[in-house]
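Topology and contacts: notes
Single-letter residue listing:
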Amino acid sequence: MRPLSSLINDVKKFAQETKEILILDFHRFPVGFDGRRDRHGQLVEYIDEELNQFMVPSSFWPNATPNEIWSANKSIIISYSDTRTAQQYPNLWPPLPQVRL
């Protein structure tokens, strides 16, 4: 998690200082996740621990408006491509469609 921690800290600082809505899309896990379902849980627990206060619950999906998100005092949408993991956590949104060029 160490390489990710500085990025997460920057995201947290940005969320604290602005009202911008951010979308973080976790969709590729090329190293360390193959055959290791527990790693998804570890990653999501870390993200939740660091960003929970800002995370827009998946119950807002798919029709949330910016005003609804701001009214809930939230600002970070986290999409997670591993559907099985995303369904286990109330603050993870389903995977976003990816276009490969």
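To be clear, the structure that these remarks concern was listed above.
Now for a description of the structure that goes with this document. Here the structure is a predicted model, which is why all the values come from computation and not from measurement.

Core analysis: the largest hydrophobic core is formed by 21 residues, its most contacted members being F26, L51, I76, I78, Y80 and L92. Every element with two or more residues in this core is listed here: α1 (2–17), β1 (22–26), α2 (37–51) and β2 (76–80). No other element matches α2, which puts 5 residues into this core. For F26, the contacting residues outside a window of four places in its chain are L4, L43, I47, I78, S79, Y80 and S81.

All right, on to the side chain of K12 then. Position of K12 relative to the elements: it lies in helix α1. Engagement of the side chain of K12 in a polar contact is seen with the side chain of E50, the distance being 2.7 Å. In this structure K12 touches E50, L51 and F54, once residues within four positions along its chain are discounted.

Now for the sheet that holds strand β3 (residues 92–93). To summarise the sheet geometry, strands pair through backbone hydrogen bonds and adopt either a parallel or an antiparallel arrangement. Taken together, 3 strands build an open sheet; the order of strands is β1-β2-β3 and the sheet is parallel. Each edge of the open sheet is held by one strand with a lone partner, namely β1 and β3. Direction of pairing for β1 relative to β2: parallel, over a ladder of 5 bridges. When the sheet's bridge partners are listed, L22 is paired in β2 with I76. Of the strands in this sheet, β1, β2 and β3 touch α2, which is tilted by about 180° from β2.

Here the focus is the packing of aromatic side chains. The tally for this structure, following the rule as stated, stands at 1 aromatic pair. Each ring, one from F26 and one from Y80, has its centre 6.2 Å from the other, and the planes form 35°; the classification is tilted. On the criterion of sequence distance, the pair formed by F26 in strand β1 and Y80 in strand β2 is long-range, its members being 54 residues apart. An identical accessibility class is assigned to F26 and Y80; each is buried.

The rules we used
Residues numbered from 1 in each chain as written. Predicted model: local features only at pLDDT ≥ 70, side-chain atom pairs only at ≥ 80, totals over all residues. Heavy atoms only, no water. Core = buried A, V, L, I, M, F, W, Y, C linked by side-chain atoms within 4.5 Å. Buried < 20%, exposed > 50% of the residue type's maximum accessible area, 1.4 Å probe, protein only. Helix = DSSP H or I, 4+ residues; strand = E, 2+ residues; numbered from the N terminus. Contact = heavy atoms within 4.5 Å. Polar contact = N/O pair within 3.5 Å; in protein donor to acceptor, adjacent residues only side chain to side chain. Pairing = 2+ DSSP bridges. Axes fitted to C-alpha atoms, helices over the stretch in contact; angles between N-to-C directions. Phe/Tyr/Trp six-rings, centres within 6.5 Å; stacked < 30°, edge-to-face > 60°.

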